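# Remarks on the overall topology
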Amino acid sequence: MSSWLDRRATPLLLGLAAGLIAVAAGWLAGGDAAERAGLAARWTARAGLPLFLVAFLASTLVHRWPSPISRALLRRRRQWGLGFALAHTIHLVALGINVIVYAPGRTWQSLIGGGLAYVIIYLMALTSTDGWQRRLGLWWRRLHLFGIHYIWFIFTASYAGRAFGADPDKRAVGILFGSIMVAALALRLWPGRRVAG
Ligand code: HEM
């Protein structure tokens, strides 16, 4: 298991598979084209979440529960971030179709907040090499530390909005995934971490 997780390609393949399966599931479950596009947008966002959480928590997991698996996750943290960027690129395509064709009129706050998150996701992906890390020095760490918390914030804000919304199904999803996001941040920030990240 840990040797499979230690392969560079594993997170990328999982990100691609998760995004494509989410699109296919939305396509099969939706009754008409608009509903299919909506479900694909919703489920592609959800598909990227586990990959984001692995990158977000990799160093915390090694510190709290050191094992061959948690060490393999930390060694491949950049690839987990790239796998998340891949899955979220599929979210971008799905939501582009959804927002432009079927459900225009989103608030400018959500477009700016989500749009900035995409700028940060791609900046982090493009600078995820040792060369860029050396070149940017302290700014690399600032970008990646700010970026990972900003993406956490957008996920959490999206689910918090659903948790307090009127639709009971979306409310349940918002409470479940919003709680997971808050628990992940608490685990990451809880005192006693020794491994930087
Ligand atoms: C301008 C950029 C973005 C737009 C226009 C957008 C649009 C959408 C749309 C149309 C949905 C489906 C809504 C529904 O049917 O309930 C959705 C769901 C979602 N999006 Fe995005 N999105 C953007 C960026 C992002 C980013 C960057 C993140 C995370 C970092 C994100 C996280 C989510 C989450 C968590 C959901 C709900 C998934 C679920 O129900 O489990 N979105 N978004």
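Right above here is the structure, for reference.
Predicted model only: the values in this text are computed from it and were never measured.

## Quick word on the overall build of the protein
Within the protein, the secondary structure is distributed over nine helices and zero strands. The secondary structure elements of the protein, listed N-terminal to C-terminal, are α-α-α-α-α-α-α-α-α. Here the C-alpha radius of gyration of the protein, 17 Å, is about what a compact globule of 197 residues would show, namely 16 Å. Seen through its C-alpha atoms, the protein measures out along the principal axes to roughly 50 × 35 × 30 Å. When the 22 positive and 6 negative side-chain charges of the protein are each reduced to one mean point, those points stand 16 Å apart.

## Focus on the coordination of the iron atom of the ligand
Coordination of the iron atom of the ligand by the protein comes from a single atom, His91 (NE2), at 2.4 Å. By secondary structure assignment, the location of His91 is in helix H5 (residues 77–102).

## Some remarks on the site of the ligand
Surveying the vicinity of the ligand reveals 24 residues, the closest of which are Arg42, Arg46, His91, Tyr159 and Lys170. Here an oxygen atom of the ligand and a side-chain polar atom of Arg42 are 3.1 Å apart. One nitrogen or oxygen atom from the side chain of His91 is found 3.2 Å from a nitrogen atom belonging to the ligand. Broken down by secondary-structure element, the contributors of at least two residues to the shell around the ligand are helix H3 (33–64), H5, helix H6 (108–126), helix H8 (138–163) and helix H9 (168–189).

## What about the environment of Ala34?
Here Ala34 shows up in helix H3. Sequence separation of Ala34 and Asn98 is 64 residues, and the distance between their C-alpha atoms is 7.4 Å.

## Some points on H9
Since the α-helix advances by 3.6 residues per turn, residues separated by three or four positions end up pointing in the same direction. The first and last C-alpha atoms of H9 sit 31 Å apart over 22 residues, in line with the 32 Å expected at 1.5 Å per residue. Within H9, the full set of buried residues consists of Val173, Gly174, Phe177, Gly178, Met181, Ala184, Leu185 and Arg188. Each buried residue of H9 sits inside an arc of 115° when the element is viewed along its axis, so together they form one side. Packing partners of the buried residues in H9 comprise H3 and H8. A side-chain oxygen of the first residue of H9 lies 2.9 Å from the backbone nitrogen of Asp169; this N-cap is Asp167.

## Details of the packing of H8 against H9
For the pair H8 and H9, interaxial distance at closest approach is 7 Å and the crossing angle is 150°. It follows that H8 is roughly antiparallel to H9 by the angle criterion. Like other packed secondary-structure pairs, H8 and H9 cross with a definite hand, here left-handed. Packed against H8, whose contacting residues are Leu145, Ile148, His149, Trp152, Phe155, Thr156, Tyr159, Arg162 and Ala163, the element H9 presents Lys170, Arg171, Val173, Gly174, Ile175, Phe177, Gly178, Met181, Val182, Leu185 and Arg188 at the interface. Of the residues in the contact of H8 with H9, the class split is 12 nonpolar, four polar and four charged.

## A closer look at the side chain of His91
Overall, His91 belongs to the buried group, its relative accessible area being 14%. Excluding its chain neighbours within four sequence positions, the residues that come into contact with His91 are Ala41, Thr44, Ala45 and Tyr118.

## Quick look at the packing of aromatic side chains
Counting across every chain of the model gives eight aromatic pairs. Between Phe52 and Phe155 the ring centres are 5.5 Å apart and the planes differ by 40°, which places this aromatic pair in the tilted class. Of the two residues, Phe52 sits in helix H3 while Phe155 sits in helix H8, which places them 103 residues apart along the sequence. Judged on exposure class, the residue Phe52 and its partner Phe155 are both buried.

Calculation notes
- Residues numbered from 1 in each chain as written.
- Predicted model: local features only at pLDDT ≥ 70, side-chain atom pairs only at ≥ 80, totals over all residues.
- Heavy atoms only, no water.
- Helix = DSSP H or I, 4+ residues; strand = E, 2+ residues; numbered from the N terminus.
- Rg over C-alpha atoms; globule rule 2.2 N^0.38 Å.
- Lys, Arg positive; Asp, Glu negative; His and termini not counted.
- Charge placed at Lys NZ, Arg CZ, Asp CG, Glu CD.
- Donors = N, O, S within 2.8 Å, 3.2 Å for Na, K, Ca; no water.
- Near = heavy atom within 4 Å.
- Polar contact = N/O pair within 3.5 Å; in protein donor to acceptor, adjacent residues only side chain to side chain.
- Expected span 1.5 Å × (residues − 1).
- Buried < 20%, exposed > 50% of the residue type's maximum accessible area, 1.4 Å probe, protein only.
- Arc of directions from axis to C-beta.
- Contact = heavy atoms within 4.5 Å.
- Axes fitted to C-alpha atoms, helices over the stretch in contact; angles between N-to-C directions.
- Parallel < 35°, antiparallel > 145°, perpendicular 65-115°, else oblique.
- Left-handed = near helix turned anticlockwise from the far one by under 90°.
- Nonpolar A, V, L, I, M, F, W, Y, C, P; charged D, E, K, R; others polar.
- Phe/Tyr/Trp six-rings, centres within 6.5 Å; stacked < 30°, edge-to-face > 60°.

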